[in-house]
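# Architecture at a glance
For reference, the chains in residue letters:
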Amino acid sequence: MPIDQAIWRDGQNGAAGSWRHRLVGLVDGRLGFVDGAPLSKAEIEIWYLASLPTPADGSIAECCAMADAYAAKLATHIASYGGACLIIDYGCDGPSGDSLQAVANHHPVDVFHQPGDADLSNWVDFSVLRRAATNCGARLVGPVTQGDFLQAIGIAQRTEAVAKLADAETRRGLYAAVDRLVSSQQMGSAFKVAMMLPSGTGLPPGFAAPRLYMASARQMARRRARGCVASRCCCCRRVSRRWRRRRYQDPRHSSLADRPAGAGAARGRAAGRPLPTR
């Protein structure tokens, strides 16, 4: 969805600073950003800029009026008829400054690189969606990071179940794909997850305890990095017995629900051994 940008300019010779529209124009014969007219008082209210502390010269603010309108429509429908809307996108819970970016051939490029041939996008401000939901009688739960959300709903356990039925090459690809989704160095941190719901207090799965399965995700990342082909050990058969003992001590793994606890598992829990941290 399209966005508007404003840039803060300090006043000259004692004059007060102001937010000014950031426009596209010609700079030395090439497309570039230029300063436009100051924002009106009504625009400053719509952009929620009046409550911000005085920014530094050159600071950028963004406003996506279309996102606000669509969020209000969704929230009104959910408040009236029930249901839920799951929102996944890269963004943050509040203003992010200048988030306008361009991608061409899967690589970041300048926003004026070959106009019309690059994909333009910006970060979602989830606080705007929350404000729209609240004003229309609904609520927004989250956001939480995509990595935390997927781990909390059991992506590690589902991956292990699929990996048992796959060959070595498929397992490597599977672990790499999951790592890309949950790793903070890839999509796991930048992408956020939120859910729009009717008014209430309950929390849906994935939002109540987002870090429940962090250990299992780290184990999968280590397997992928080491090229492990075994579905039940960290890197080779030599450590599989130790790894199984740790698995039996952690009741959070779904695989334990599929089989009776053995004597070793019972002794481990009775002894009060700490859960594995690796």
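This section reports on the structure supplied with the text. (Residues numbered from 1 in each chain as written. Predicted model: local features only at pLDDT ≥ 70, side-chain atom pairs only at ≥ 80, totals over all residues. Heavy atoms only, no water.)

## Observations regarding the overall build of the protein chain
A tally of helices and strands in the protein chain yields 10 helices and 11 strands. The buried share of the protein chain, taken over its 278 residues, is 36%. A separation threshold of at least 6 residues defines the contact pool for the protein chain, and within that pool the share at least 24 residues apart is 66%. (Helix = DSSP H or I, 4+ residues; strand = E, 2+ residues; numbered from the N terminus. Buried < 20%, exposed > 50% of the residue type's maximum accessible area, 1.4 Å probe, protein only. Contact = heavy atoms within 4.5 Å.)

## Description of the pattern of salt bridges
By the definition in use, this model includes five salt bridges. One salt bridge connects Asp-35 with Arg-9, and the closest N-O pair in it is separated by 2.7 Å. Pair noted here: Asp-35 is in strand E3 (residues 30-38) and Arg-9 is in strand E1 (residues 4-9), with a separation of 26 residues, a long-range link. Residue Asp-35 is classed as partly exposed on the basis of its relative accessible area of 38%. Asp-57 is the salt-bridge partner of Arg-9, the closest N and O atoms lying 3.8 Å from each other. Residue Arg-9 is located in strand E1, and its partner Asp-57 is located in the loop between helix H1 (41-46) and strand E4 (60-63); the two are separated by 48 residues in the primary sequence. A relative accessible area of 30% places Arg-9 in the partly exposed class. On the accessibility criterion, Asp-57 (43% relative accessible area) is partly exposed. (Salt bridge = Lys/Arg side-chain N within 4 Å of Asp/Glu carboxyl O.)

## Digging into the side chain of His-21
Position of His-21 among the secondary structure elements: in strand E2 (residues 18-27). Polar contacts involving the side chain of His-21 include one to the side chain of Glu-43, which spans 3.2 Å. (Polar contact = N/O pair within 3.5 Å; in protein donor to acceptor, adjacent residues only side chain to side chain.)

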